[in-house]
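Listed below, chain by chain, are the residues.
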Amino acid sequence: MQIPFDNRYVALGEDFFARSTPTPVRKPGLIRFNDALAGELGMATDHDSASAADIFSGNTLPEGAEPLAMVYAGHQFGHFNPQLGDGRAILLGEISGADGARYDIHLKGSGPTRYSRTGDGRSALGPVLREYLVSEAMQQLNVPTTRALAAVTTGEAVVRERLLPGGVITRVASSFIRVGSFQYFAARGDYAAVKQLADYVIEKSYPPLADNEKPYAGLLEAVVQRQAALIAQWMQLGFIHGVMNTDNMSIAGETIDYGPCAFMDAYQHDQVFSSIDHHGRYAYNQQPSIGLWNLSRLAETLLPLLDENPQAAVQVAHEVLEPYAGRYESHWLAGMREKCGLTACSHDMDGDDKNLIEDLLNVMADNRADFTLTFYFLSHLSGQPSEQDDDLRDLFDDSAQIDAWLEQWRRRLGLEVQGDAARQAAMQSVNPVYIPRNHQVEAAIRAAEDEGDFSVFHELHAVLQKPFVRQTGKDRYMLAPEPEEVVEYTFCGT
Ligand code: AMP
Ligand code: MG
C-alpha cells in the first residue's frame, strides 16, 4: 500500500513528541477499510485485507511513516494536567491528500508510548467500533469531524472491568493539534515553542493567515469561529460530546475523540450520558459555554504572541473571544430555522423565531419527545393540518401542547414565500432520519464483542451512510429505543 507521506510535525523538534513505534499485535484482522476515504487521500488502494490489517494494526510500518506520539497537556473536567500526550495513539505520519490539503494519520489503540502513564496503550473493540460508526455518521451529517480509515481486531484481550477483545482504529484528521497542545508549552513558559506550534498550525490548517498582519490574533479568531459553528451543529443534532476537556478540542475545528459521546433520543436540556461526568460539566446544554471556556484557555497560551505589552495582549484576547457567544447564537438560530423550515427572515424576526424554536424545545422536553424524530416528522408536514400530523403528535404524551405549537408554526409559515414541497425538501436535507442511536451502536458492539459477529456493525454503518434518505426495510434504525433498550450511561472505555 502506497501512502503519500509528507511529514512536517517531526521538524518541530523532539520537544513536541516522543518517537514511538506501534507494538505489534498477535493476530490482526481487518474489520473494515474505508476505500472511499483512502481514494480521497490519494492512497493506492490495491491492497489485500491481510496487508491492510498488518498496516492498520501497527504490525507493519508503511514506507515513509515516521511514527511518533504527540505531547500535550489539558484541563480534564476543569483540572489542569500539565502532561498528557498520545498515551494510546501514534501519529503514523502526515500526508498531502488528493485535494491538496494535508492530513494526519493516527493509529489509536496501538500500544504504550512515553505518555501512557499507567495505561496499557490499548483500546477495546467496543470504542473502536463506536468511533468508526459515529465519526463516519458525523461526516455524512455534514459535521466537521475526524474520519475513520480502518478498524482492525488484534487477536489479543485487553483488561478493563473484564477481559475484552482488543481493536485498533485508524483515524484521519486535518490536524490532531489540540488546545492542550498549546497549553503544554505555555504551562512551561516556553513561548518560543508556542510560536513554533502556532506557525505550524497556521501553515497547515489556516494558510491564508500566513499573510495576516496579526497572524496569532487571526489564528485565535479563526479557531473561535470554527468552534462556534461546530458546537452549533452538535446542538442541532442532539449530539453530546461527553468529554470536552481542552485536550479533546481540535485546533482545526473538527469533532475529535469520540469517547462516551452520544446522540440524545428523548429530548432533555441537560442530558448527560458519560458515566464519569458526575456534575454534568459536559451536559448537552453546557456545550456552548464550555466551548468558550476552552477557547479562553487557548487565548491564555497565546497572550505573549498577541502583544508584547501584557495588558494590551489581554485586551486583544478579550476582543477576539467576545464575539463567540454572538457567533454561536447566530449559527444556532440559522441552523434551527433551517430545521424548522423558516427561510424568510430578517433581523427583526430573530427574537420571535428564537422564541418559537425554544417553545418547541420546551414542549419536547416536557414530553420527552424524541429529538431526531420530532424534526424528521416535522419536515413532512404541510402548511395545513392533516392526518400526517399524527406521526409527530404521537411522539408527545400531551398532544395539546404540540398542537398549540404547530398552530404557531403554521402561522409563521404564512410569512414564507416558498411552497410546501420546496420547504419540505429543504427541511429533509437537514433533519436526518437516521443517527447512530446509542442502543443500536451498543447492539453492534455486543454482537461483535460477544459473538464475533460484525454483520450488525456493517449494516448499521451502511444505513448511516445516507442519513437523510429513508431506506426500504430499514425503519427499525429510525426508531427510538424501547424502554428496555435505553442506554443510560456511556463509557470512555480507557
Ligand atoms: P481521553 O479521555 O481518551 O481523551 O484520554 C485522556 C488521556 O489519557 C490521553 O493522554 C490518552 O492518551 C490517555 N489514555 C487513555 N486511555 C489510555 C490507555 N488505555 N493507555 C494509555 N493512555 C491512555
Ligand atoms: Mg483525548
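Because the structure is predicted, anything quoted here is derived from the model rather than measured.

Colleague: Looking at this structure, I do not really get the pattern of salt bridges. What am I missing?
Modeller: Close approach of charged atoms lets side chains of opposite charge pair. Across all of its chains, the model carries 37 salt bridges by this definition. We note a salt bridge from Glu-358 to Lys-354, for which the minimum N-O separation is 3.8 Å. Here the residue Glu-358 and the residue Lys-354 both occupy positions in helix α10 (residues 350-367), the gap between them amounting to four residues, near one helical turn. Connected through shared salt-bridge partners, Asp-6, Arg-8, Glu-94, Arg-102, Asp-104, Glu-203 and Lys-204 make up one network.

Colleague: What is the right way to read the layout of surface pockets from this model?
Modeller: The gaps left among the atoms become clear once a water-sized probe is rolled over them. Approximately 730 Å³ is the volume attributed to the largest pocket. Around the largest pocket sit 32 residues that line it, and Gln-76, Arg-88, Arg-117, Asp-247 and Thr-494 are the ones nearest its centre. Along the lines of polarity and charge, the residues of the lining of the largest pocket split into ten nonpolar, eleven polar and eleven charged. Glu-161, Leu-164, Glu-442, Arg-446 and Phe-491 are, among the 18 residues lining the second largest pocket, the residues nearest its centre.

Colleague: What exactly am I supposed to notice about the coordination of the magnesium ion (ligand 2) here?
Modeller: By definition of the ideal shapes, a tetrahedral metal site with four donors has angles of 109.5 degrees and an octahedral site with six donors has angles of 90 or 180 degrees. Looking at the metal site, the magnesium ion (ligand 2) is ligated by Asn-248 (OD1) and Asp-257 (OD), spaced 1.9 to 2.2 Å from it. By the burial criterion, Asn-248 is buried, and Asp-257 matches it.

Colleague: I tried to follow the site of ligand 1 on my own but got confused; where do I start?
Modeller: In the region of ligand 1, 17 residues are neighbours, and Gly-85, Gly-87, Arg-117, Asp-120 and Gly-121 sit closest. Between ligand 1 and Arg-88 there is a distance of 3.2 Å, counted from a nitrogen atom to a side-chain nitrogen or oxygen. A distance of 3.0 Å separates an oxygen atom of ligand 1 from a polar side-chain atom of Asn-248. Protein coverage of the free-state accessible area of ligand 1, which is 490 Å², stands at 87%. Among the cavities detected, the one that contains ligand 1 is the largest pocket. Residues of the shell around ligand 1, tallied by class, amount to two nonpolar, eight polar and seven charged.

Colleague: Quick question: what am I supposed to make of the packing of aromatic side chains here?
Modeller: Ring pairs (aromatic) are described by centroid distance and by the angle formed between their planes. Enumeration according to the criterion identifies 16 aromatic pairs in this entry. Between the aromatic rings of Tyr-9 and Phe-17, the centroid separation amounts to 6.1 Å while the plane-to-plane angle is 50 degrees, which identifies the pairing as tilted. Given the relative accessible area of 1%, Phe-17 is considered buried. Taking 5.0 Å as the distance between ring centres and 45 degrees as the angle between the ring planes, the aromatic pair formed by Phe-77 and Tyr-282 counts as tilted. Of the two residues, Phe-77 sits in the loop between β4 (74-76) and β5 (79-81) while Tyr-282 sits in the loop between β12 (262-263) and α7 (287-306), which places them 205 residues apart along the sequence. Among the residues examined, Tyr-282 registers a relative accessible area of 1% and is labelled buried. A network of ring pairs unites the aromatic residues Tyr-9, Phe-16, Phe-17, Tyr-184, Phe-185 and Tyr-200 as a single cluster.

Colleague: I'm lost on helix α15 (residues 438-451) in this one. Help?
Modeller: The end-to-end C-alpha distance of α15 is 19 Å, a good match for the 20 Å that 14 residues give at a rise of 1.5 Å each. Among the structural elements, β8 (123-124), α3 (125-140), β10 (163-173), β12 and α16 (455-464) are those in contact with the buried residues of α15. Taken from the residues just after α15, Gly-452 is the one with a positive phi, measuring 65 degrees.

Calculation notes
Numbering of residues starts from 1 in every chain and runs along the sequence as written. Each chain gets a letter, beginning with A, and each ligand a number, beginning with 1, in the order they are written. For this predicted model, a pLDDT threshold of at least 70 governs which residues receive local features, and a threshold of 80 or more governs which side-chain atom pairs are given and counted, while totals over whole chains, interfaces and linings are taken from all residues. Side-chain metrics in this entry use all non-hydrogen atoms of the structure; hydrogen atoms and water are not considered. We count a salt bridge whenever a side-chain nitrogen from Lys or Arg sits within 4 Å of a carboxyl oxygen from Asp or Glu. Helix and strand assignments come from DSSP, with helices taken as H or I runs of at least 4 residues and strands as E runs of at least 2, each series counted from the N terminus. Points on a 1 Å grid, built from protein atoms alone, make a cavity when a 1.4 Å probe fits but cannot get out and make a pocket when they are open with protein on both sides within 12 Å along at least 5 of 7 lines; residues with an atom within 4 Å of a point are the lining residues. Grid points are joined across faces, edges and corners, and a volume is the space filled by probe spheres set on the points. Classification used: nonpolar for Ala, Val, Leu, Ile, Met, Phe, Trp, Tyr, Cys and Pro, charged for Asp, Glu, Lys and Arg, polar for all others including Gly. Metal-coordinating donors are taken as N, O and S atoms lying within 2.8 Å of the metal, or within 3.2 Å when the metal is Na, K or Ca; because water is left out, some sites can appear incomplete. Three labels apply to residues, based on accessible area from a 1.4 Å probe with only protein chains included: buried if under 20% of the type maximum, exposed if over 50%, partly exposed otherwise in between. For each residue, the test is whether any non-hydrogen atom lies within 4 Å of the molecule or strand; if one does, the residue is near. Polar contact is the term for a pair of N or O atoms within 3.5 Å; when the atoms are in protein, one must be able to donate a hydrogen and the other to accept it, and sequence-neighboring residues count only if both atoms are side-chain atoms. With residues, only the protein chains shown are counted as cover, and all accessible areas are computed by Shrake-Rupley using a 1.4 Å probe. Occupancy of a cavity or pocket is assigned to a molecule whenever over half of its atoms lie within 2 Å of that pocket's grid points. When two rings of Phe, Tyr or Trp (its six-membered ring) have centres within 6.5 Å they constitute a pair, described as stacked for plane angles under 30 degrees, edge-to-face for angles over 60, and tilted for the intermediate range. A helix is expected to span 1.5 Å for every residue after the first. The criterion used for residue contact is that any of the two residues' heavy atoms lie within 4.5 Å.

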